[in-house]
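Here's the letter readout for the chains.
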Amino acid sequence: MMTLQDIDWEHWTPVEDATLLFVIRGGRILLIHKKRGFGAGKINGPGGRIEPGETPEECALREVEEELRIRPLNVDYAGLLQFQFVDGFSIRGHVYRAADFEGTPVETDEAIPLWCETDALPFERMWADDPVWFPHLLAGRRFSGRFIFEGERMVEYRVVEEEEEFECET
Ligand SMILES: CNc1ncnc2c1ncn2[C@@H]1O[C@H](COP(=O)(O)OP(=O)(O)OP(=O)(O)O)[C@@H](O)[C@H]1O
């Protein structure tokens, strides 16, 4: 069985590089019901794959516009998630927080917007890792997490709080 220790995380490069962006305002967080792509059917933050020539933050903003038609404001870096699947797939998630936004979230081909109270999140409909790092996200802390997944099952994880300066280079 694969464990966290079997992986050289410092030199690990993911098959896919992606983003997540969470608007958190007035005790509520803006999530989506993801209609297609990786994780379709789950509730998550808006986000998607980083395109060539794009920074993670540019991708995060573009994905929120594409999926919900809003423009996040006061965006800051929140954390980094490294997911290794036992079948060989791997994905990195660059996570951002926004304190405000312009526009009105609407349903698109990709997503249905869903405002949730931050103290009543639908974790049973979210990825298994989310309950592990959401407390950091909601508290405004920076974090990084490493995870082993077997399909949709989280096999092992380690999440730590990071110093303010920490940000991943791509
Ligand atoms: C394993 N545990 C996980 N926990 C929480 N979030 C996870 C995740 N694994 C992937 N994610 C997120 O899911 C989105 C997939 O996006 P992505 O690969 O782009 O999907 P999609 O097929 O729609 O691609 P397009 O960019 O639309 O082409 C992307 O935001 C990525 O950060």
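What counts, and where the lines are drawn
Residues numbered from 1 in each chain as written. Predicted model: local features only at pLDDT ≥ 70, side-chain atom pairs only at ≥ 80, totals over all residues. Helix = DSSP H or I, 4+ residues; strand = E, 2+ residues; numbered from the N terminus. Rg over C-alpha atoms; globule rule 2.2 N^0.38 Å. Contact = placed C-beta atoms within 7 Å. UniProt positions renumbered as here; feature names shortened; annotations may be inferred. Pairing = 2+ DSSP bridges. Near = placed C-beta within 6 Å. Nonpolar A, V, L, I, M, F, W, Y, C, P; charged D, E, K, R; others polar.

1. Side note on the overall build of the chain
Tallying secondary structure elements over the chain gives two helices and eight strands in all. Tracing the chain from N to C terminus, the helices and strands come up as β-β-β-α-β-β-β-α-β-β. The C-alpha atoms of the chain give 15 Å as radius of gyration, which agrees with the globular expectation for 170 residues (15 Å, within 12%). With the principal axes as the frame, the chain shows a C-alpha extent of 45 × 35 × 35 Å. Pairs at least 24 residues apart make up 68% of the contacts formed inside the chain by residues separated by at least 6 positions.

2. Here's the deal with the UniProt feature "domain: Nudix hydrolase" (unreviewed entry) in the chain
In this structure's numbering, the residues bearing the UniProt feature "domain: Nudix hydrolase" (unreviewed entry) are residues 14–139. End C-alpha atoms of residues 14–139 are separated by 27 Å, and the span's content is 18% helix alongside 43% strand.

3. Focus: the pairing of strand β8 (residues 153–161)
Where strand β7 (residues 143–150) and β8 come together, eight bridges link them in antiparallel fashion. Bridge pairing in β8 links G145 to V159. Connecting the antiparallel pair β7 and β8 is a turn made up of two residues, with G151 showing a positive phi of about 60°.

4. Describing the pairing of strand β1 (residues 16–25)
Regular strands have side chains that alternate between both faces of the sheet. Both β1 and strand β5 (residues 90–102) contribute to a ladder of eight bridges, which runs parallel. Bridging across to β5, L21 finds its partner in Y96. Judged from the three bridges that link them, β1 and strand β2 (residues 28–34) form a sheet pairing that is antiparallel. Residue pairing for β2: V23 is matched across the bridge by L30.

5. Here's the deal with the site of the ligand
Around the ligand, the structure places 18 residues, and the nearest of them are G37, G47, G48, G93 and W127. Breaking the shell around the ligand down by element, the ones donating at least two residues are β1 and β5. Of the residues that constitute the shell around the ligand, the class distribution is seven nonpolar, seven polar and four charged.

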